[in-house]
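# Summary of structural features
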Amino acid sequence: MPSHLFADRPAPQQPAHDAVDALIHRAHRLRGDVDAVRRDAVTDEENAQLRWQRALCELAVHHLDNLGAHLSQLRAGLPEQRSTGTAPDRRRAAAPPDASPPSRVGSAEWNLLTDEVSWSKELYEILGRPRESEPLSLDEMPSVLLPEDQPLLTSMVTGCLVDGRPMDGEFRIVRPDRRLRTVHMTGEPVLDAHGRTASMWAVLRDVSELRRGEEAVSRSQDSVRHEEHIERTEHRMAVELQEAVLPPWRGSLRLPRQGPGALDIAAHYLPSRSSGLIGGDWYDAMELPDGRTLLSVGDLAGHGIPATSAMAMLLGALRGMAVAGIEPGALMGHLNQLLESSIQPALGSALCCRFDPATGILSWSQAGHPAPLLFRDGTGRLLPPPDGVLLGAASEVAFEQDEVRLLPGDVLVLHTDGLTRRSDRGAGPEALLGLAPRFARARTAQECVRSVVEEFGGSERLDDACVLVARFGG
């Protein structure tokens, strides 16, 4: 079946110069805007998201350079015809949608009747061949391609010459200087007046830089996806580790479970505004072998698996030493030594309390941690903190211990500092102390915790937090 392309078809009219000039101006202006964004982009080789953004800017600039050069070609008109007889058809040969600068676009014609081959000077440059050398015939062209790409070119040429199909494909060539280039080739058969193939004309474009830019975008995109996958995996592992370490009980807990003077205990973990930040906050309550009760809260610096794994280590050590009967002040000193001697040193704060139900005495010590709040008869106050520095901050430091007697109906609130560090207010216990009337009306520790969550459980909190409430005589 004859092709739609005939040699006697008249040449199309050139577009108006004013319209092309306007397009060139707009393309140049857009190119400048994109280039400004590229220059301002922060270069951080460690950040896959920023690498991807910069690669996209580079690719956009390259495309706009190609567009500007192509529009300039359009304004200048076609180059001088290099042979006669089939010129109008050469003008109608298909061009790729995003042309490269003039120096990287070449053309060729293979005349099947005379075996004459005509190459543009740009094609010599693309293929890296000297201008005085003979242009390659259709049979010789595959020799400059990588072996795995040669069947593609052979199939394109055969389809064009035998079936009259337009050519559109991409392959890699090896230049005489051994440089590898990627070339996009489009073309069509040129038919004589009888509808027979007289020659083949093609446009070859060096798209090496364009493909490198696309590959850079793809690689950086893959890197972003990989890092996001790692973040999701680490987040899941951190959540699972946190859930495995924190006390399994939900709701209220009565300690000791038998006998008078028990504490009604409830606790809650509050995630941060960004639920992806799993920190090293913990709360704990357990009955000790001598009948006393351990209460503790703490917070290790950092987020993710490092923070939760260090928290698991610290909490395990705290429980073990408390079971062994070590007093809160001495216990803090041992935890400090543990953090200092660990493979990955960390900083953290902690609060450790030991309650004796027989006497109502609460012994406690702190390491750079917010002091407990004691609510009694509808008012609240901060307990004066004994001396203590952050865990892991200094060597051979002493942690003091203090005591307070709890009365029936007293409410003790322990929390990590993330609870009161919010974006709409400064850090401080004032908001917690303001809950005193609600605590006075509460009948259980769980009701007190519910009041805290209602006040502090919103999305404006900057960090994750824990709160533990113990109500004496509940």
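Definitions and limits used
- Residues numbered from 1 in each chain as written.
- Predicted model: local features only at pLDDT ≥ 70, side-chain atom pairs only at ≥ 80, totals over all residues.
- Heavy atoms only, no water.
- Pairing = 2+ DSSP bridges.
- Helix = DSSP H or I, 4+ residues; strand = E, 2+ residues; numbered from the N terminus.
- Axes fitted to C-alpha atoms, helices over the stretch in contact; angles between N-to-C directions.
- Phe/Tyr/Trp six-rings, centres within 6.5 Å; stacked < 30°, edge-to-face > 60°.
- Buried < 20%, exposed > 50% of the residue type's maximum accessible area, 1.4 Å probe, protein only.
- Core = buried A, V, L, I, M, F, W, Y, C linked by side-chain atoms within 4.5 Å.
- Salt bridge = Lys/Arg side-chain N within 4 Å of Asp/Glu carboxyl O.
- Polar contact = N/O pair within 3.5 Å; in protein donor to acceptor, adjacent residues only side chain to side chain.
- Contact = heavy atoms within 4.5 Å.

## Considering the sheet that holds strand β16 (residues 465-472)
- Strands sit in the order β6-β7-β16-β15-β12-β13 across an open sheet of 6 strands; the sheet is antiparallel. A strand with exactly one partner marks an edge of an open sheet, and here the two such strands are β6 (253-255) and β13 (379-382). In this sheet, neighbouring strand axes are inclined to one another by 25° on average, regardless of whether the strands run parallel or antiparallel.
- Bridge count between strand β12 (residues 373-376) and β13: 4 bridges; the pairing is antiparallel.

## Considering the packing of aromatic side chains
- Scanning all chains against the criterion turns up 3 aromatic pairs.
- Measuring from centroid to centroid gives 5.2 Å for W119 and Y124, while their planes differ by 65°, and the two rings are edge-to-face.
- Judged by relative accessible area, W119 falls into the buried class, the value being 7%.

## Observations regarding the nonpolar core
- If you look at the biggest cluster of nonpolar residues, it comprises 48 residues, and the most contacted ones within it are I265, L295, L391 and L468.
- Judged by nonpolar contacts, the second largest core, of 25 residues, contains V117, Y124, L127 and V183.

## Examining the pattern of salt bridges
- Across all of its chains, the model carries 16 salt bridges by this definition.
- Notably, a salt bridge pairs R165 with D163, separated by 2.9 Å at the nearest N-O pair.
- In this structure D163 comes out as partly exposed when scored by relative accessible area, which is 47%.
- Across the salt bridge formed by D290 and R292, the nearest N and O atoms sit 2.7 Å from each other.
- Residues joined in a network through salt bridges with shared partners are R181, D206, E209 and R212.

## A short note on the side chain of S208
- Within the secondary structure layout, S208 lies in helix α6 (residues 208-245).
- Separated by 2.6 Å, the side chains of S208 and D206 make a polar contact.
- Excluding residues that lie within four positions of it along the chain, S208 makes contacts with R181 and T182.

## Here we look at unusual backbone geometry
- Of note, the bond from L255 into P256 is cis; its omega dihedral lies within 30 degrees of zero at -10°.
- Located in the positive-phi region is D115, a residue other than glycine, with phi close to 60°.
- Mapping D115 onto the fold places it in the loop between β1 (105-111) and β2 (117-119).
- Using a relative accessible area of 65% as the deciding quantity, one classes D115 as exposed.
- Residue D377 is not a glycine yet carries a positive backbone phi of 55°.
- Mapped onto the fold, D377 is located in the loop between β12 and β13.

## Description of the sheet that holds strand β5 (residues 197-206)
- With antiparallel pairing, 5 strands are arranged side by side in an open sheet as β2-β1-β5-β4-β3. Strands with a single pairing partner mark the edges of an open sheet, and in this sheet they are β2 and β3 (167-174). Going from strand to strand, the sheet's axes swing by 20° on average, the running direction of each strand aside.
- Across 3 bridges, β1 lies against β2 in antiparallel orientation. Bridged to A108 within β2 is W119.
- Strands in contact with helix α5 (residues 150-163) are β3, β4 (180-191) and β5; relative to β3, the strand with the most contacts, it is inclined by about 145°.

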